Amino acid sequence: MDKLYWLNEIKSSDRHYVGEKAFNLSQMLQNGYPVIPGFVVAAKKLNEYLENESTSQLLVGELADSSLHLDVDNWRQLQQVALHLRQEIINSSLPDGLDFLIKEAVKTWESPYLVFRASLCVPSASYKTENISGLYESVFCFKEEKQIADSLKRIWSQLFSARSLLYWQKSLIDIRSINLAVLVQPVNNVIASGLLDINYSRWEIQATWGLGLGIDWGEVQPDIYYVEPKTGVLLEQHLGNKILAYGCENTAINETSNQQEQKSVVTLEKTCLQVGFLEEELQQKHALNQQNLQQITELAQQLVCQLGKDYLVKWTLIQETDSQKLYLTKVSKLINNFSNNFSINGIGAATGKASANALVIENSQQIILQLPKGIILVAPQIIPDWLPILQQVDGIITEKGGLTSHGAIIARELGIPAVVGVSRVTKLIQNGDRLIIDGDSGEVHRLAKNADEEDLKDLIGEDKAAEKSVAPSEYSPGSIPHPFTNLPMTSTQLLVNLSQPTMIDKALALPVDGVGLLRSELMVLSILNRQNPYRWIREGKQEQLLDLWTKKILEFVRPFSPKPVYYRSLDWRTHELPNLHDDVIESDEPQTALGERGTFSYLLNSEVFDMELTALKDVQQAGYHNIRLILPFVRTVEEFCFCRRKVEQAGLADIKEFQLWIMAEVPSVLFLLPEYVKAGVQGISIGTNDLTQLLLGVDRDRALLAKSFDERHPVVMSAISQLIKMAKEAGIPCSICGQAPALYPEIIEKLVQWGINSISVEPEALQRTYQAIFRAEQSLLLEAARRQLQ
């Protein structure tokens, strides 16, 4: 079969050859909807190619047998197999005449740029190809014969990437049975791109400048528009955070409604794809004007007749000769809600999806000794005291809390999907209710009692329905690993935030330079037996506690040695630990979000702090000199000096590698940092969670204030910039360990530009943080090279 399948000619019988993505677009095009012309290289071409390439044929032929003994959890082995397969494909030749056939086909297009996109057909009637969104990346190239051949082979080779091999094996699908077709289309003058999400309640439009890659890769926060379905009236709109835009050469990102030229354009290696860092004026401007919105709204109303009231499409806006035209780039029919289902929304706090029965706890103050496995925990809020038993739950839903509450932080570190800030959820959901939780969108679905297994399969996938948990998405903490071998080094160090030993192996498999934040207050919960450490001391069990504390620290320090481990001493917010609150500090005052926390509590009673320092010294004496100390929530220079004297008395400073840092989270540090440095501070770690709530006067735990708690606020960003600058002037390192870089990777460009020394994030955010750091540093290098040439 030597022909190409043009979108305007594809028939229903061709679906197996062209894949779901291409088939859906062809149907829309043939029904009169705007779709960019294109053709498909049929899946059969890949099969023929593998059969004719003897080496690849041998490897792929053995894949079925190797899958029986290939340990997909053995990252090194998986990488070796994947790398071998992909290299065989990249280094070989295309079937005779295929590259010429494609070259002749694209001659009719005026654009010099092409995009190659994977279009799959999976041999399982119940398997939804939308589940694999993001598993295979589009490839952009110039309209040249060699680049065309290379781009096609790059798409084909992605089928045998490590994450693809792992994904399909975990999905119990033989990779040889997957039909991978390739959709080829021209890339024209793209102005803006985005998503159109149609449902019964309201329509949501997302938009960003240039190609939609910034949204797909989580590098921009798009503009959001909400439209009333019946009238098409714009209900509200929100300006996103669009610091960059993707395009090809000088097409997309240089063409805007007012023809403004973009600057700081970086060409990505081996492709015509470019990323442009937008000027402030365009960052503050909506990507869509009123006319554009009207076009999308009208298209949405037409699509309702074709697809119903529940679907998702991707669109792009192209500058043509004398107008801007809207095109569809992907069409997905969404899963319909069951008629009797109940659905509520909160704040998506920890990525991933899960389906399980609910366990409702109406009083967060009660002592919980054990939780059943495989449930979704529903509670007013998550108490850190529960941490030791949370690892066996499948999901978390709370009434209180925001993105930076301890409950959200714990869920992200443990890789548990979580939705917080769901008003009255403990009253709306009952024990035993079947739930589906989406930690990305913040949606919680209660399934109707008459929902059968087929309904559940539609929502979460066939094999996972039996397990009552959703197949992980590319971005979920339990997701397909990504290749981290042979990565280029970055000047900015990438560190990891930890508190649980169960996450150590996962962190060590990733490209980290150490532990940037070891949260002691969460680390020790498993050894305290629900007793306040001061009570241990009063009851004469200090030596026993010291031994347990030292061993717990060694669990982290030993495997990371010689890489540094920054241990933050206890910073308990007393209102979060009612079961551990004791009469150590007598007070009739209510416990609050600030409370007697941080170094101030050490001044009131230093017994536990003294024991922490002894434990750290014991770690040093065990031969591990990679331990560092960060003091939390330091309000004054006097508090620091008190702690520094304690550190010196403990002998920690006798080891030359030891460093004493402070958390830069109380706004007074903006004025006192030079004094802190004179007093002996050797480094700072910016805690954006507390810094934001104190600068903006917004309680980080209040769901109602979640929209106002924004770590990207100009005041917060200005404070971070000032701290980095002051640290550089003082000659001390500056890190950042708050949630801001993990939640908003788009700010990493600024952090690197300002000169941050290291960025520390949760394990689930390491991949996207590394990528953002690498891109930012490459941008700075290229810009410096341009200035030198000029």
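For the structure given in this document, a descriptive report is provided here. These numbers were taken from a predicted model, which means no experiment stands behind them.

About the criteria used
- Residues numbered from 1 in each chain as written.
- Predicted model: local features only at pLDDT ≥ 70, side-chain atom pairs only at ≥ 80, totals over all residues.
- Heavy atoms only, no water.
- Helix = DSSP H or I, 4+ residues; strand = E, 2+ residues; numbered from the N terminus.
- Buried < 20%, exposed > 50% of the residue type's maximum accessible area, 1.4 Å probe, protein only.
- Contact = heavy atoms within 4.5 Å.
- Areas by Shrake-Rupley, 256 points an atom, 1.4 Å probe, with all protein chains shown as cover.
- Core = buried A, V, L, I, M, F, W, Y, C linked by side-chain atoms within 4.5 Å.
- Axes fitted to C-alpha atoms, helices over the stretch in contact; angles between N-to-C directions.
- Parallel < 35°, antiparallel > 145°, perpendicular 65-115°, else oblique.
- Left-handed = near helix turned anticlockwise from the far one by under 90°.
- Nonpolar A, V, L, I, M, F, W, Y, C, P; charged D, E, K, R; others polar.
- Pairing = 2+ DSSP bridges.
- Salt bridge = Lys/Arg side-chain N within 4 Å of Asp/Glu carboxyl O.
- Lys, Arg positive; Asp, Glu negative; His and termini not counted.
- Polar contact = N/O pair within 3.5 Å; in protein donor to acceptor, adjacent residues only side chain to side chain.

**Examining the overall build of the protein**
- Assigned secondary structure in the protein consists of 28 helices and 30 strands.
- A buried classification covers 56% of the 790 residues belonging to the protein.
- Considering only intrachain contacts with a sequence separation of at least 6, the fraction spanning at least 24 residues in the protein is 68%.
- Working note: accessible area of the protein is about 33000 Å², and carbon and sulfur atoms make up 48% of it.

**Considerations on the nonpolar core**
- Grouped together as the largest cluster of nonpolar side chains are 114 residues, with contacts concentrated most on Trp386, Trp549, Ile553 and Ile684.
- With residues up to four places along the chain from it excluded, the contact list for Trp549 reads Met523, Val524, Ile527, Leu528, Pro533, Tyr567, Leu570, Val608, Met611, Glu612 and Ala615.
- With 44 residues, the next largest nonpolar core counts Phe39, Ala105, Leu114 and Val182 among its residues.

**Quick word on the packing of helix α24 (residues 688–696) against helix α25 (residues 714–730)**
- Contact pair α24 / α25: the axes reach a minimum separation of 10 Å and the direction vectors enclose 125°. Between α24 and α25, the angle is such that the two are oblique. α25 is crossed by α24, and the crossing has right-handed handedness. Contacts between α24 and α25 involve Thr688, Leu691, Thr692, Leu695 and Leu696 from the first element and Val715, Val716, Ala719, Ile720 and Leu723 from the second.
- The residue makeup of the contact of α24 with α25, split by class, is 8 nonpolar, 2 polar and no charged.

**Quick word on the pairing of strand β26 (residues 627–631)**
- Among the 5 residues of β26, 5 are classified as buried, and the element is accordingly described as predominantly covered.
- Along β26, one buried face is formed by Ile627, Leu629 and Leu631 and the opposite face, lined by Arg628 and Ile630, is buried too.
- Here 4 bridges tie strand β25 (residues 565–568) to β26, and the two strands are oriented parallel to one another. Counted as the bridge partner of Val565 is Ile627 from β26.

**A look at the pattern of salt bridges**
- Inspection of every chain in the model, using the stated rule, returns 23 salt bridges.
- One salt bridge in this structure joins Glu521 and Arg568, with 2.5 Å as the shortest N-O distance. Pair noted here: Glu521 is in helix α17 (residues 520–523) and Arg568 is in strand β25, with a separation of 47 residues, a long-range link.
- Assessed through its relative accessible area of 8%, Arg568 is described here as buried.

**Remarks on the environment of Ala742**
- Within the element layout of this structure, Ala742 appears in helix α26 (residues 740–743).
- Residue Ala742 is classed as buried on the basis of its relative accessible area, which comes to 4%.
- When the C-alpha positions of Ala742 and Glu764 are compared, they lie 8.6 Å apart, and in sequence the two are 22 residues distant.
- Apart from the residues lying within four places of it in its own chain, the contact partners of Ala742 are Val761, Ala765 and Arg768.

**Observations concerning the side chain of Asn292**
- Among the structural elements, Asn292 can be located in helix α10 (residues 290–307).
- The class for Asn292 is buried, based on a relative accessible area of 4%.
- With near-sequence residues (within four places) excluded, Asn292 lies in contact with Ala287, Leu317 and Gln324.

**Structural notes on the sheet that holds strand β4 (residues 139–142)**
- The sheet built from 5 strands is open, its strands ordered β1-β2-β5-β3-β4 with antiparallel pairing. At either margin of the open sheet sits one strand with a lone partner, and together these are β1 (5–6) and β4.
- Pairing of strand β3 (residues 113–121) with strand β5 (residues 179–186) involves 8 bridges; the strand directions are antiparallel. Opposite Leu114, over in β5, you have Pro186 as the bridge partner.
- Against the sheet, helix α1 (residues 15–30) contacts β1, β2 (39–41), β3 and β5, and its axis sits at roughly 115° relative to β3.
- Each of β2, β3, β4 and β5 touches helix α6 (residues 145–158); the most contacted strand, β4, lies at about 170° to it.

**Examining the side chain of Glu665**
- Its location among the elements puts Glu665 in the loop between β27 (660–664) and α23 (669–679).
- Notably, Glu665 is buried but unbridged: the nearest opposite-charge side chain belongs to Arg597, and the N-O separation is 4.7 Å.
- Polar side-chain contacts of Glu665 include one of 2.7 Å to the backbone nitrogen of Phe633.
- Setting aside anything within four residues of it in sequence, one finds Glu665 in contact with Asp571, Pro632, Phe633, Gly687, Asp690, Leu691 and Leu694.

**Things to note about unusual backbone geometry**
- For the bond from Ser561 to Pro562, the omega torsion is 10°, close enough to zero to count as cis.
- The phi torsion at Phe633 lies on the positive side, around 45°, for a residue other than glycine.
- Residue placement: Phe633 occurs in the loop between β26 and α22 (637–650).
- Its relative accessible area of 2% is what places Phe633 among the buried residues.

**Quick look at the sheet that holds strand β23 (residues 493–498)**
- Reading around the circumference, β23-β24-β25-β26-β27-β28-β29-β30 is the order of the 8 strands in this closed barrel, with parallel pairing throughout. Taken pair by pair, the neighbouring strands of this sheet meet at an average axis angle of 30°, ignoring direction.
- In terms of strand pairing, β26 meets β27 through 3 bridges, oriented parallel. Looking across to β27, one finds that Leu629 is bridged to Leu660.
- Along the sheet, helix α21 (residues 607–621) contacts β25 and β26; its crossing angle with β26, the most-contacted strand, is approximately 160°.
- Each of β26 and β27 touches α22; the most contacted strand, β27, lies at about 150° to it.

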